[in-house]
Amino acid sequence: MHKLLLLLFILSTAASLSAKNLRFLQTVQPYNYELLDVEIDGDLMIVPAGLGGAEIYDISDPRNPEPRGNMALRGCNWDRSYNWDIGDGFAIGTARDCGFGVFDITDPELPRLLALHHPDADFVADPISSRKASMEDVEIVGDVAIFAAHFSGLVFYDMSNRSNPKYMTHVRIDNAWSLAVNDGIAYVANGESGLSIVSFRNLNTPHVLSEVKTSGAARDIQYNDGLVFVAVGTAGV
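Residues numbered from 1 in each chain as written. Predicted model: local features only at pLDDT ≥ 70, side-chain atom pairs only at ≥ 80, totals over all residues. Heavy atoms only, no water.

S.K.: Looking at this model, I keep getting lost on the overall build of the chain. Mind explaining?
M.R.: In terms of helices and strands, the chain carries 1 helix and 19 strands. Sorting the 237 residues of the chain into buried and exposed places 49% on the buried side. Taking as baseline every contact in the chain between residues at least 6 positions apart, the subset at least 24 positions apart corresponds to 41%. Element-wise, carbon and sulfur atoms account for 51% of the exposed surface of the chain, whose accessible area totals about 11800 Å². (Helix = DSSP H or I, 4+ residues; strand = E, 2+ residues; numbered from the N terminus. Buried < 20%, exposed > 50% of the residue type's maximum accessible area, 1.4 Å probe, protein only. Contact = heavy atoms within 4.5 Å. Areas by Shrake-Rupley, 256 points an atom, 1.4 Å probe, with all protein chains shown as cover.)

Following this line, the structure appears as structure tokens:
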């Protein structure tokens, strides 16, 4: 998931670091190129890129981030992944038209690919145009992975067997780019349709609760303490 809040914070305070008593800590040059995102969970950081897979870092000492391992989605274009989320000993990365990958990261120095899965085998992504499902973003909630899959909406997988993801259901929305979750509710950046709010408290019947128009196309989203921040392109946040 994009770290929208972190990016906003950096952009809005870069010109006044000294006034806010903030200190620059470190710059890291990863082994991969064309960096696309950052996912942080505890002392682990995953940095996916357009070339060279996704790097894992130990950030227990933020002044000295240590590279640990690399997760490459072999068989996808340039081993590319876009967004990641971290669960209990495993991580999931999205690869758009190539599906998603599941890695065992109990040993971050030796991440192990458990599954590379494409949802086209599970359901018809777009019955009108026959477009493939495009897995853009992911959130892990216990043993369930929820994917923002563009024109396929939100797609739910049972991840209790990490090596064999099981399709559960999906919710049709117009163009799911990104999602944030809290207490059984998914907040979805839904492109030109704005913000969609989906309840998955009953996984047998997830459904759209409401939709809110935004001032631009909603492409990224972050939930924090009762507030939802939506990136809407040139219209800002």
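S.K.: I keep staring at the nonpolar core and nothing clicks. Help me out?
M.R.: By size, the foremost hydrophobic cluster in this structure holds 17 residues, and its most contacted members are Ile92, Phe100, Val102, Met135, Phe147, Val155 and Tyr157. Those residues within four positions of Phe100 in sequence are excluded, and the remaining contacts are Ile92, Gly93, Thr94, Ala95, Ala115, Leu116, His117, Met135, Phe147, Tyr157 and Pro165. (Core = buried A, V, L, I, M, F, W, Y, C linked by side-chain atoms within 4.5 Å.)

S.K.: What should I look at first to understand the side chain of Glu136 in this one?
M.R.: Mapped onto the secondary structure, Glu136 falls in the loop between β9 (112-117) and β10 (137-141). Under the relative-accessibility criterion, Glu136 is labelled buried at 4%. A polar contact of 2.9 Å, which involves the side chain of Glu136, links it to the side chain of His150. Here Glu136 is in contact with Tyr82, Asn83, Thr94, Arg96, Ala148, His150, Ala176 and Trp177, once residues within four sequence places are set aside. (Polar contact = N/O pair within 3.5 Å; in protein donor to acceptor, adjacent residues only side chain to side chain.)

S.K.: Any chance you could explain the sheet that holds β10 here in plain terms?
M.R.: Think of a sheet as strands paired side by side through backbone hydrogen bonds, with each pair either parallel or antiparallel. Pairing is antiparallel across the open sheet formed by 4 strands, whose spatial order is β10-β11-β12-β13. Looking at strand neighbours, the two that pair on one side only are β10 and β13 (166-171), the edges of this open sheet. The sheet shows a mean angle of 20° between the axes of neighbouring strands, direction not considered. (Pairing = 2+ DSSP bridges. Axes fitted to C-alpha atoms, helices over the stretch in contact; angles between N-to-C directions.)

S.K.: Looking at this structure, how should I read the pairing of strand β16 (residues 195-199)?
M.R.: Burial analysis of β16 places 5 of its 5 residues in the buried class, which makes it a mostly covered element. Across 5 bridges, strand β15 (residues 185-189) lies against β16 in antiparallel orientation. When the sheet's bridge partners are listed, Ala186 is paired in β16 with Val198. Taking the residues between adjacent antiparallel strands as the criterion, β15 and β16 are bridged by 5 residues, where Gly191 takes a positive phi near 55°. In this structure, β16 lies alongside strand β17 (residues 207-212), joined through 5 bridges in antiparallel fashion. Residue Val198 lies in a different strand from β17, and its bridge partner there is Val208.

S.K.: Whenever I open this one, the confidence of the model for the chain confuses me. Can you help?
M.R.: Considering every residue of the chain, the mean pLDDT works out to 89; 88% of them sit at 70 or more. Taken as a whole, residues 1-19 scores under 50 in pLDDT and shows 34 contacts with residues more than four places along the chain or in a different chain. (pLDDT = per-residue confidence, 0-100.)

S.K.: Teacher, can you tell me more about the sheet that holds β17 here?
M.R.: With antiparallel pairing, 4 strands are arranged side by side in an open sheet as β14-β15-β16-β17. In this open sheet, the two edge strands, each paired with only one partner strand, are β14 (178-182) and β17. For this sheet, the mean inter-axis angle between neighbouring strands, taken without regard to orientation, is 20°.

S.K.: Got a minute to help me understand the state of the cysteines in this structure?
M.R.: Formally, a disulfide is one covalent bond, and it connects the sulfur atom of one cysteine to the sulfur atom of another. Tallied over the full model, the rule gives 1 disulfide. One disulfide in the model links Cys76 with Cys98; its S-S distance is 2.1 Å. The S-S bond linking Cys76 to Cys98 shows a torsion near -85°; that makes this disulfide left-handed. Here Cys76 is found in the loop between β5 (66-71) and β6 (84-86), whereas its partner Cys98 is found in the loop between β7 (90-94) and β8 (100-104), with 22 residues between them in sequence. (Disulfide = S-S within 2.5 Å.)

S.K.: For this particular structure, what's the right way to read the pairing of strand β19 (residues 227-231)?
M.R.: Successive residues of a regular strand alternate their side chains across the two faces of the sheet. One ladder, built from 5 bridges, connects strand β18 (residues 220-224) with β19; its direction is antiparallel. Looking at the pairing, Ile221 lines up with Val230 of β19. In sequence, β18 turns back onto β19 through a hairpin of 2 residues, with Asp225 there showing a positive phi of about 55°.

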